[in-house]
Amino acid sequence: MTNFLIKNAEGILTGKIGQEARAKGDIRVRDGVIAELGNLEAKPGEKVIDAGGCVVTPGLVNSHHHLFQSCLKAVPSGMNETLAAWLRLVPVTHWPYVDEDVMRVSAKVGMAELVLSGATTVSDHHYFYSDRYDYDPSEVLFDVAGDFGTRFVLARGSATKTRKYDGDNSASVPTESLEQMLESVAATAQRWHDPAPDSMRRVALAPTTPTFSVDIGELKEIRQAGRDMGLRLHSHLSENKDYANYTLANYKMRPVHWLAEHDWLGEDVWFAHMVDIDESEVKVLAETGTGMSHCPQANARLGSGIAPTAALHAAGGTVSLAVDGAAANEAADMGTTLYLAFALPRAANQNIASRAETVLSWATAGGGKVLGLDTIGTIEVGKSADIAIFDLDTPRYFGQHDAVISPVISAGDLSVRHSFVQGRPLVENGKIPWLDLTELRHEARRVVEKLKSIEL
Ligand code: ZN
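To keep things clear, this report deals only with the structure shown in the data block.

Criteria and cut-off values
- Residues numbered from 1 in each chain as written.
- Predicted model: local features only at pLDDT ≥ 70, side-chain atom pairs only at ≥ 80, totals over all residues.
- Heavy atoms only, no water.
- Donors = N, O, S within 2.8 Å, 3.2 Å for Na, K, Ca; no water.
- Helix = DSSP H or I, 4+ residues; strand = E, 2+ residues; numbered from the N terminus.
- Buried < 20%, exposed > 50% of the residue type's maximum accessible area, 1.4 Å probe, protein only.
- Phe/Tyr/Trp six-rings, centres within 6.5 Å; stacked < 30°, edge-to-face > 60°.
- Lys NZ or Arg CZ within 6 Å of the ring centre and 35° of its normal.
- Pairing = 2+ DSSP bridges.
- Axes fitted to C-alpha atoms, helices over the stretch in contact; angles between N-to-C directions.
- Polar contact = N/O pair within 3.5 Å; in protein donor to acceptor, adjacent residues only side chain to side chain.
- Contact = heavy atoms within 4.5 Å.
- Salt bridge = Lys/Arg side-chain N within 4 Å of Asp/Glu carboxyl O.
- Parallel < 35°, antiparallel > 145°, perpendicular 65-115°, else oblique.
- Left-handed = near helix turned anticlockwise from the far one by under 90°.

Looking at the metal site, the zinc ion is ligated by His64 (NE2), His66 (NE2), His236 (NE2) and Asp324 (OD), spaced 2.1 to 2.4 Å from it. Counting residues between consecutive donors of the zinc ion along the chain gives the motif H-x1-H-x169-H-x87-D. Taken as a pair, His66 in the loop between strand S8 (60–62) and helix H1 (83–94) and His236 in strand S12 (residues 233–237) lie far apart in primary sequence, 170 residues in all. Assigned by exposure class, His66 and His236 land together as buried.

Using the criterion set out here, one finds 14 aromatic pairs in the structure. An angle of 85° between the planes, with centres 5.7 Å apart, marks the rings of Phe68 and Tyr127 as edge-to-face. In this pair, Phe68 is assigned in the loop between S8 and H1 and Tyr127 in the loop between strand S9 (119–126) and helix H3 (137–148), connecting sequence segments 59 residues apart. The buried category is assigned to Phe68, whose relative accessible area is 1%. Between the aromatic rings of Tyr246 and Tyr251, the centroid separation amounts to 6.3 Å while the plane-to-plane angle is 80°, which identifies the pairing as edge-to-face. Exposure remark for Tyr246: the relative accessible area of 23% places this residue in the partly exposed category. Owing to a relative accessible area of 23%, Tyr251 belongs among the partly exposed residues under this scheme. Among the aromatic residues, those joined into a cluster by ring pairs are Phe68, Trp95, Tyr127, Phe128, Tyr133 and Tyr135. Positioned over the ring face of Tyr129 is Arg156, at 3.7 Å from the centre of the ring.

Here the focus is the sheet that holds strand S5 (residues 33–38). A sheet is described by the order of its strands in space; here 4 strands give the open sequence S5-S4-S1-S6, paired in mixed fashion. The sheet is open, and its two borders are formed by S5 and strand S6 (47–50), each paired with just one other strand. Averaged over all pairs of adjacent strands, the angle between strand axes in this sheet comes to 25°, irrespective of strand direction. When strand S4 (residues 26–30) meets S5, the two strands line up antiparallel, connected through 5 bridges. Residue pairing in the sheet places Val29 in a bridge with Ile34 of S5.

Within the secondary structure, Glu357 is located in helix H12 (residues 356–371). One polar contact links Glu357 to Arg22, side chain to side chain, over a distance of 3.0 Å. Not counting chain neighbours up to four residues away, the residues in contact with Glu357 comprise Leu13, Lys16, Ala21, Arg22 and Ile405.

With that out of the way, let us pick up the pattern of salt bridges. Summed over all chains, the structure comprises 30 salt bridges. Residue Asp143 pairs with Arg104 through a salt bridge whose shortest N-O separation is 3.4 Å. With a gap of 39 residues between them, Asp143 in helix H3 and Arg104 in helix H2 (residues 100–115) connect regions that are remote in the sequence. Residue classification places Asp143 among the partly exposed positions, given a relative accessible area of 34%. Connected via shared salt-bridge partners are Asp99, Asp101, Glu443, Arg446 and Lys450.

Below, the discussion takes up the sheet that holds strand S17 (residues 416–421). Pairing in this open sheet of 6 strands is mixed, and the strands run S3-S2-S7-S16-S17-S18 from one edge to the other. Two strands lie at the open edges of the sheet, namely strand S3 (22–23) and strand S18 (424–428), each paired on one side alone. In this structure, S17 lies alongside S18, joined through 4 bridges in antiparallel fashion. Bridged to His418 within S18 is Glu428.

Turning next to the packing of helix H11 (residues 334–347) against H12. Contact geometry of H11 with H12 gives a least axis separation of 10 Å together with a crossing angle of 135°. Classed by the angle they form, the pair H11 and H12 counts as oblique. In the crossing of H11 with H12, the sense of the turn from one axis to the other is right-handed. Along the contact surface, H11 presents Leu338, Ala341 and Phe342, while H12 presents Ala356, Val359, Leu360 and Ala363.

Such coordinate-based values are descriptive only and should not be taken to indicate function.
What follows is the structure, encoded as structure tokens:
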């Protein structure tokens, strides 16, 4: 079903900003593409999707995640730690036990949570690769994305060196040589990367972080290798003050300026977090077109701070939204992301906090832009029919004088009536039709019990 007419919506948030942020009317989809907008009548035989009492938006884009963490929620040792200790105690301590079973169930849990909150495109930054595995995590991730029907960008992570976290090196990450990393990424890209504009599958080159995961001498080679392979570059940056402390101490520069010296900025680069960036770094990011994945849940949960999203946006930069891994964020859904991206800057008295429509544009057009997926992110004629229809049929949304921005300002547990990628349904009548959630819940419980039984 890629031909249909969406009718009766309460309103449309287009993913654009300013005067064009809202629209009214119906949406005709033909061959998976938005063909017409306005007051439209169904043609003979045309299927009608009833969006009565709903808000229609572009499908939401989660631009940074770690799906393997979806069965590492609320691990007690990491619940009250900040970033470095949490990294050591939770993901790094558990990675050797993320076997194919754990990986697959976790990816399913995470993807179900995302899709049921309106995501249609997901980028997953998987950063644990090791020749000790008897399976390929990339394959599992692409498999699961295929089952759900989401567009999927694998940010293929890696580290060429291990690191001390909070001064304790008792747990360490798997490492590869630079040569191994680049060979493996090339093979992964050859198998899955589709550079076509309306691509469903992409690969990005994504060392875990340029500061702590690779040697400084490798930065330029990595950048050039990505360009040669036609892959975007992604990584973690300035998640908290540790990053600037490190680059200032070692290179006498703040992280963004330091990366500029190594050719690690540009329109084909996006970084997760960028919480601790100063005004001069915001300016450079905007000038170079380097994108941000804003992860407010994880930043709040780990006490990392609040990223200057409005400042980057105002400077003409590109902001996208992301949930980040569920081990540092036990609400890895798009609704919580939208709400916190809207509300947290206000709590911090940032007097340039953004409007709801702008926040929605980050979760749609901004996501498409950082991932280089030009056909998604806005509701307009000629764009791919990646669409989410949010039901407002719950007391949380009653009583609104301006109901259209409800999915942002009072998001909560977003209720998706339908969603589509290229006009193909992901969610139908509030459900992922093929997925048995009771069974998935039992699977997640089994995996958690298995992980808990391991003597760490
Ligand atoms: Zn992350």
